[in-house]
Structure formats: C-alpha cells, structure tokens
Amino acid sequence: MIGRDASVGFIGAGVLGNGLALALSQRGYRVVGASSRRLDSARALADRVPGCHAFDTGQILADAVEVVFITTPDSAIAEVAGSIHWRPGQSVVHCCGAASIDILAPAESMGARTGAFHPFQTFAGLDTPEEAVGRLAGVTFAVHGADFLADYLTRLAEDLGGRSITIADRDRPLYHASAVMACGYLVALLRAAAELWEEIGFTSDEAVQALYPLARATLENVGRSGLVGASTGPVVRGDTETLHGHLEALFRRLPELMPLYADLVRASLPLGARRGVGPDGLLAIEELVDHYSGVG
Ligand SMILES: NC(=O)c1ccc[n+]([C@@H]2O[C@H](COP(=O)([O-])OP(=O)(O)OC[C@H]3O[C@@H](n4cnc5c(N)ncnc54)[C@H](OP(=O)(O)O)[C@@H]3O)[C@@H](O)[C@H]2O)c1
C-alpha cells in the first residue's frame, strides 16, 4: 500500500508538474522534490510548494522520494525513465494520455512499480500554477498502475476533486483522439467558422468576439442537458431548406470548407434521429449533402 504520506517528487517542472505539485501539496500530500531540465524551473516549482526542494538531477530526486511523477513533454518520458537507476518498490508515473505504461519499461525492469495518471483536461493558455489547480477539479483521470499503485492514483484523483477511470492499452489511442477532438480540433472547427466571417469582411478577432459567447453557451448546454438536449441547427430540425442555403453559399464562396461542413452534417444525423427527425427527413438531408459533396 502507498499512503497519502508517501514522499512525492516531480521530474519536469512545466505547466502540469507545477499545477499537480501544488494541488497535491494543498491536499496534504508530501511533495518534497522537483527536478527539471533547467534548475531554475525546478526552483520555481519548489518555491511555490511548502517543504519542496529543487534537485540538480532526476537521479538525485528519484533517490530521495517514493513516488516520482515524470511530467516532462511526452517525447522525453522514455528517455528520462531510461536514464535513471530506479529502486525496487519505488513508484514511477507518467501523465501522458496517448502512451501506455510500456514507455516506463526501464523502470519496471529495475523493480519499480509503473503507472499512468492522465488528466483529461487542457492546461494550455494558463499564466499560473494556481490556475492549473483550478482546472483539475471535476476532471476525469485515466489511471493505470501495477498492484496498489492503481489504488493510490485512484484516491489521488478523488482527492483532487475528480474521478478515475481505467483505459485498456489498446483503447488509449481512441481515448486520446477523443481528447484532441474535444480540445484542439474544437479550435480548428472555430477557426473554420471564423473563416466564414472573414469571407463576409470581418477580421478573425471580430469573428472570435462573436463566436466565443455562442460556443461557450453551447458547451454549457452540453454540460446541463447532454449531447442530444444541447443539439441545435437545421439537421436536428430536419430543415433541408436552410441546409440547402448553407451548402449553396459554401459551394459558391468557400468550397474548400464544403468537406468539413458536409462531414459535420453527417455527424449530426444521429442527433437528428434522436431529436425526432424521421427516416425520410434524414434521407433527404443525406442526399442533399451527398449531392453538394459530389459537386464540391
Ligand atoms: N498541458 C496539458 O494540457 C496536459 C494535459 C494532460 C496531460 N499532459 C501531460 O503532462 C505532461 C507534461 O506536459 P506539460 O504540458 O506540463 O509540458 P511542459 O509545460 O512543456 O513542461 C514540461 C517540462 O519538462 C521539462 N523537461 C523537458 N525535457 C526534460 C528532460 N529531458 N528532463 C527533465 N525535464 C525536462 C521542461 O522544463 P525546463 O523548464 O526545465 O526546460 C518543461 O518545463 C505530458 O506528458 C503531457 O502529455 C499535459
């Protein structure tokens, strides 16, 4: 068993390392050390967390603590794991969403317990670790761990105000793709929506000013009413006339956006069905969009 009083350290003092270290410390975990590529980064983290010290190297940190979180960029995790001499019984955890715990194989081969603790959340665009702490509440964490490390990480997720789930290794790429669809690709979708405003003659900033309150309210509706309840627009109303207008305008003025718009119409069809659009209505929409996809 790993208790809440186990000593914890972080290798990689970036946005997540800082936020997680601070959040764990605030919840009574013993965060005693940090190391990073640059000592200044480790010092900045240590200065924020009472009782935490900056260590010159990952090895010295690993020698000093029971649970090590590797919070470097994904591309450096395997290299860091392979560069340290781990102790049997020690716990080593990465926070990457896409990779399994296999990237910690060097630590496992030396007898360490290996695990993953991935917050299904974005910490992009934050100015301070305090803001990262705020973003941890209510988050879903994908937890993976050998023997009682999983119990420790599950409790940790709950202590952070979140919930834990387990994702099988083979499902991890799908799990991570979902995160990217709801985060990075959401931005890509809004960029495409902004392009329509630019075609009308507004700037991208003006577009964002208009799009952000709409998108935010839509996400609030998703949280409040679920996907079906929050769905709006011509597809879920079975309104082929309005759809026809959209498709015709895109065809004439922004044909490069036609495939994206057509795919979004198709992705909306199951929601239309759930909102009561009948088979004939759905078929009419499909035919319309297929026609314009072919023409575009
Ligand atoms: N950011 C997110 O939204 C988010 C969300 C979920 C999960 N994650 C996961 O969290 C982990 C950390 O991501 P992040 O966004 O916090 O990254 P980040 O802000 O780029 O910070 C990573 C830190 O690691 C340090 N570093 C780089 N290479 C290193 C090495 N070889 N050895 C030791 N330290 C090294 C760098 O510190 P220096 O300042 O010393 O150069 C950098 O500040 C990743 O696995 C990522 O997938 C991130």
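The rules behind these values
- Residues numbered from 1 in each chain as written.
- Predicted model: local features only at pLDDT ≥ 70, side-chain atom pairs only at ≥ 80, totals over all residues.
- Heavy atoms only, no water.
- Near = heavy atom within 4 Å.
- Polar contact = N/O pair within 3.5 Å; in protein donor to acceptor, adjacent residues only side chain to side chain.
- Areas by Shrake-Rupley, 256 points an atom, 1.4 Å probe, with all protein chains shown as cover.
- Helix = DSSP H or I, 4+ residues; strand = E, 2+ residues; numbered from the N terminus.
- Nonpolar A, V, L, I, M, F, W, Y, C, P; charged D, E, K, R; others polar.
- Pairing = 2+ DSSP bridges.
- Contact = heavy atoms within 4.5 Å.
- Axes fitted to C-alpha atoms, helices over the stretch in contact; angles between N-to-C directions.
- Buried < 20%, exposed > 50% of the residue type's maximum accessible area, 1.4 Å probe, protein only.
- Arc of directions from axis to C-beta.
- Patch = residues over 30% accessible without salt bridge, like charges linked within 9 Å, V, L, I, M, F, W, Y side chains within 5 Å.
- Salt bridge = Lys/Arg side-chain N within 4 Å of Asp/Glu carboxyl O.

(A) Expanded view of the site of the ligand. Residues in contact with the ligand amount to 26 residues; listed here are only the nearest, Ser36, Arg38, Ser41, Asp74 and Phe123. In this structure, an oxygen atom belonging to the ligand sits 3.1 Å away from a main-chain N or O atom of valine 15. Here an oxygen atom of the ligand and a side-chain polar atom of aspartate 74 are 2.5 Å apart. For the ligand, whose unbound accessible area comes to 890 Å², protein coverage reaches 80%. The element contributing the most residues to the shell around the ligand is helix α4 (residues 74-83), with five residues. Broken down by class, the residue content of the shell around the ligand amounts to 13 nonpolar, nine polar and four charged.

(B) View of the sheet that holds strand β8 (residues 163-165). Reading across from one edge, β3-β2-β1-β4-β5-β6-β7-β8 is the order of the eight strands in this open sheet, with mixed pairing throughout. Looking at strand neighbours, the two that pair on one side only are β3 (53-54) and β8, the edges of this open sheet. The pairing of strand β6 (residues 113-119) with strand β7 (residues 140-145) spans five bridges and is antiparallel. Looking at β7, one finds that phenylalanine 117 is bridged to valine 143. Relative to the sheet, helix α1 (residues 15-26) contacts β1 (7-11), β2 (30-35), β4 (67-70) and β6, its axis offset from that of β1 by approximately 165°. Here helix α8 (residues 172-182) sits on the sheet and contacts β5 (91-94), β6, β7 and β8; the angle it forms with β6, its principal contact strand, is near 25°.

(C) View of the environment of tryptophan 197. Within the secondary structure, tryptophan 197 sits in helix α9 (residues 184-200). A C-alpha to C-alpha distance of 9.7 Å links tryptophan 197 and leucine 211, two positions 14 residues apart in sequence. When sequence neighbours within four positions are dropped, the list of residues in contact with tryptophan 197 reads Phe202, Ala207, Ala210 and Leu211.

(D) Up close: helix α6 (residues 129-136). Every buried residue belonging to α6 is among Pro129, Ala132, Val133 and Leu136, and all of these are buried. Seen from one end, α6 has its buried residues packed into an arc of 105°, which puts them on one side. Elements in contact with the buried residues of α6: α1, α2 (39-48), β6 and β7. Directly beyond the C-terminal end of α6, a positive phi value near 75° is found at glycine 138.

(E) Region of the structure containing a nonpolar patch on the surface. There is a patch of nonpolar side chains on the surface, built from Leu189, Leu260 and Leu264 and spanning about 210 Å² of accessible area. Assignment of secondary structure puts leucine 264 in helix α13 (residues 258-274).

(F) Spotlight on the environment of histidine 176. Assignment of secondary structure puts histidine 176 in helix α8. By relative accessible area, histidine 176 is classed as partly exposed at 25%. A C-alpha to C-alpha distance of 33 Å links histidine 176 and histidine 291, two positions 115 residues apart in sequence. Not counting the four nearest positions on each side in its chain, histidine 176 is found in contact with Gly97 and Ala98.

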